[in-house]
Each structure stands twice: as C-alpha cells, then as structure tokens.
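Chain by chain, the residues run as shown.
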Amino acid sequence: MNSRLLTAADAEAYRNLRLEALQNSPEAFGSSFEEVKDNPIEFFASRFESSYTLGVFDHEDLVGVATLVQESKLKLKHKASIFAVYVSPKKRGLGIGKRLMVEAINKARELKGVEQLTLSVVSSNASAKGLYCSLGFEVFGTEKRALKIDQQYFDEDYMVLFL
C-alpha cells in the first residue's frame, strides 16, 4: 500500500470513498450522504486546493483518507484541524488509520506556524479515540447532542495535540 497527497485527478476515487463513508458511518461526519451525493466531481477536486487530503491506496483503490486544514486568519494560523478521517471497513485493522494520522501530524509540523492540531470524534467511537489518544491527542471538551440523525443524538469529543 502506498500513501500520498490527493490531487484533482483523484477526485472521483475520493468522491466514491466519501460517499461510502457517509453511508457506512453517518454518525462520524457532519455532512450527510443526501447532501453530498449529487455534488459534481469538480466540487471534490476543488477541496484539494485549500487543504491537504492524504490518501492510502491498495494498488489502484483508494481505501483511506484524512484531511488537514490550516486556519487562514492571522490570529488562528497557529492551529490546524484534521477532518474526514475514514478507512474502508474491508481494510480496517491494518494500521491505515494510524498511518494517515501520523502523516497528517507530520504534514502539520511542516506548515509554518502551526502549533496545535484539533479534531472532533463521536464520543462512542472507542477505536478512533484510542488511536488519537495513542498519538498524543487529549480531550478538551465534549459537545452533547452534536449530531442528530433521525431521532438519535450523538455527542462529540473535541481533541487537541500540541506540536
């Protein structure tokens, strides 16, 4: 398996994996499948211009992603956030999530002025929280009822890693 930053040429593969993620793990993302499914490929390609989206490929298949975004405002540029972390269920347990997170952390360390990384994770997602904690992230707050899917609520933990 190899990993790299995604480019516009990867937009269709990213779109397919993103839609899989939104269907398989709707509680893990603020976006919904219904909101995203009709977005054109160009929408996904444009995301790669303002962020760093890392992908892991199994041969030609994109099987895992994570997006790193540095804040752009002057007083916030010391922060970056990790979003949209997902590994296809058929490839979980192989260290892909850890690989993506380590690469995102390393990329953040390369960015001028970035001192801390933040992310949010559904409070009940023990495996993701365990991974993030093992990499040095700490919970600094919990938002009750952060997401609502149909009539079910999900809390989110906010985590930080000081670089």
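Residues numbered from 1 in each chain as written. Predicted model: local features only at pLDDT ≥ 70, side-chain atom pairs only at ≥ 80, totals over all residues. Heavy atoms only, no water.

## Quick notes on the overall build of the chain
Short version of the rule: Only DSSP runs of H or I covering at least 4 residues are called helices, and only runs of E covering at least 2 are called strands; the numbering of each starts at the N terminus. Partly exposed describes any residue whose relative accessible area lies between the buried limit of under 20% and the exposed limit of over 50%, with all areas from a 1.4 Å probe on protein chains only and scaled to the type maximum. We call two residues in contact when some of their heavy atoms are within 4.5 Å. Only the protein chains shown count as covering a residue, and every accessible area follows the Shrake-Rupley method with a 1.4 Å probe.
Helices and strands together make up the secondary structure of the chain, namely five helices and seven strands. Mapped from its N terminus to its C terminus, the chain presents α and β elements in the order β-α-α-α-β-β-β-α-β-α-β-β. Seen along its three principal axes, the alpha-carbon backbone of the chain occupies a region of about 40 × 35 × 35 Å. Across the 163 residues of the chain, 40% fall into the buried class. Long-range pairs, those at least 24 residues apart, make up 61% of the contacts in the chain with a sequence separation of at least 6. By element, 48% of the accessible surface of the chain is carried by carbon and sulfur atoms, the whole surface being about 9200 Å².

## Digging into the pattern of salt bridges
Any two side chains of opposite charge can pair, on the condition that their charged atoms come close. For the record, the criterion: Salt bridge, as applied in this entry: a Lys or Arg side-chain nitrogen positioned within 4 Å of an Asp or Glu carboxyl oxygen.
Per the stated rule, a full pass over the model turns up seven salt bridges. The closest approach of N and O atoms between arginine 4 and aspartate 10, which form a salt bridge, is 2.7 Å. Taking relative accessible area as the criterion, arginine 4 reaches 33% and is therefore assigned partly exposed. Of the charged contacts, one joins lysine 129 and aspartate 157 as a salt bridge, the two residues approaching to 2.6 Å between their closest N and O atoms. Taken together, the residues span a long stretch of sequence, with lysine 129 in helix H5 (residues 126–134) and aspartate 157 in strand E7 (residues 152–162) at a distance of 28 residues.

## Topic: the packing of aromatic side chains
Our working definition: Working definition: rings of Phe, Tyr and Trp (its six-membered ring) pair if their centres are within 6.5 Å, and the pair is stacked with planes under 30 degrees apart, edge-to-face with planes over 60 apart, and tilted otherwise. Charges are assigned to positions over rings by a cutoff of 6 Å between ring centre and Lys NZ or Arg CZ, combined with an angular limit of 35 degrees from the ring normal.
Counting across every chain of the model gives six aromatic pairs. Ring-pair connections join several aromatic residues into one group, and the members of that group are Tyr14, Phe43, Phe44 and Phe48. Sitting above the plane of the tyrosine 153 ring, arginine 145 keeps its charged end 3.9 Å from the centroid.

## Points about the sheet that holds E7
As a reminder, the rule being used: Between any two strands, at least two bridges found by DSSP are needed for them to pair. An axis is simply a line fitted to the C-alpha atoms; with a helix, the fit covers only the stretch in contact. Between two such axes, the angle follows the N-to-C directions and lies from 0 to 180 degrees.
What the seven strands build is an open sheet, ordered E1-E2-E3-E4-E5-E7-E6; its pairing is mixed. Where the open sheet ends on each side, the last strands, each with one partner, are strand E1 (2–5) and strand E6 (138–149). Strand-to-strand twist across the sheet, computed as the mean angle between neighbouring axes with direction ignored, equals 25°. When E6 meets E7, the two strands line up antiparallel, connected through eight bridges. When the bridges of E7 are listed, glycine 141 appears paired with tyrosine 158. The strands touched by helix H1 (residues 11–24) are strand E2 (52–58), strand E3 (61–70) and strand E4 (79–87); relative to E3, the strand with the most contacts, the crossing angle is about 90°. With respect to the sheet, H5 is in contact with E4, strand E5 (116–122) and E7, its orientation differing from that of E5 by roughly 165°.

## Brief notes about the nonpolar core
Heads up, the rule is: Here, nonpolar core means buried Ala, Val, Leu, Ile, Met, Phe, Trp, Tyr and Cys residues that are tied together by side-chain atoms lying within 4.5 Å of each other.
Judged by nonpolar contacts, the single largest core of 26 residues is most densely connected at Ile82, Met101, Leu117, Leu119, Tyr132 and Phe137. Contributions of two or more residues to this core are made by E2, E3, E4, helix H4 (96–110), E5, H5 and E7. Of the residues forming this core, the biggest block, six residues, is contributed by H4. Ignoring sequence-local partners within four residues, the contact set of leucine 119 consists of Ile82, Met101, Tyr132, Phe137, Asp157, Tyr158 and Met159. Grouped together as the second largest cluster of nonpolar side chains are 17 residues, Ala11, Ala45, Phe57 and Tyr86 included.

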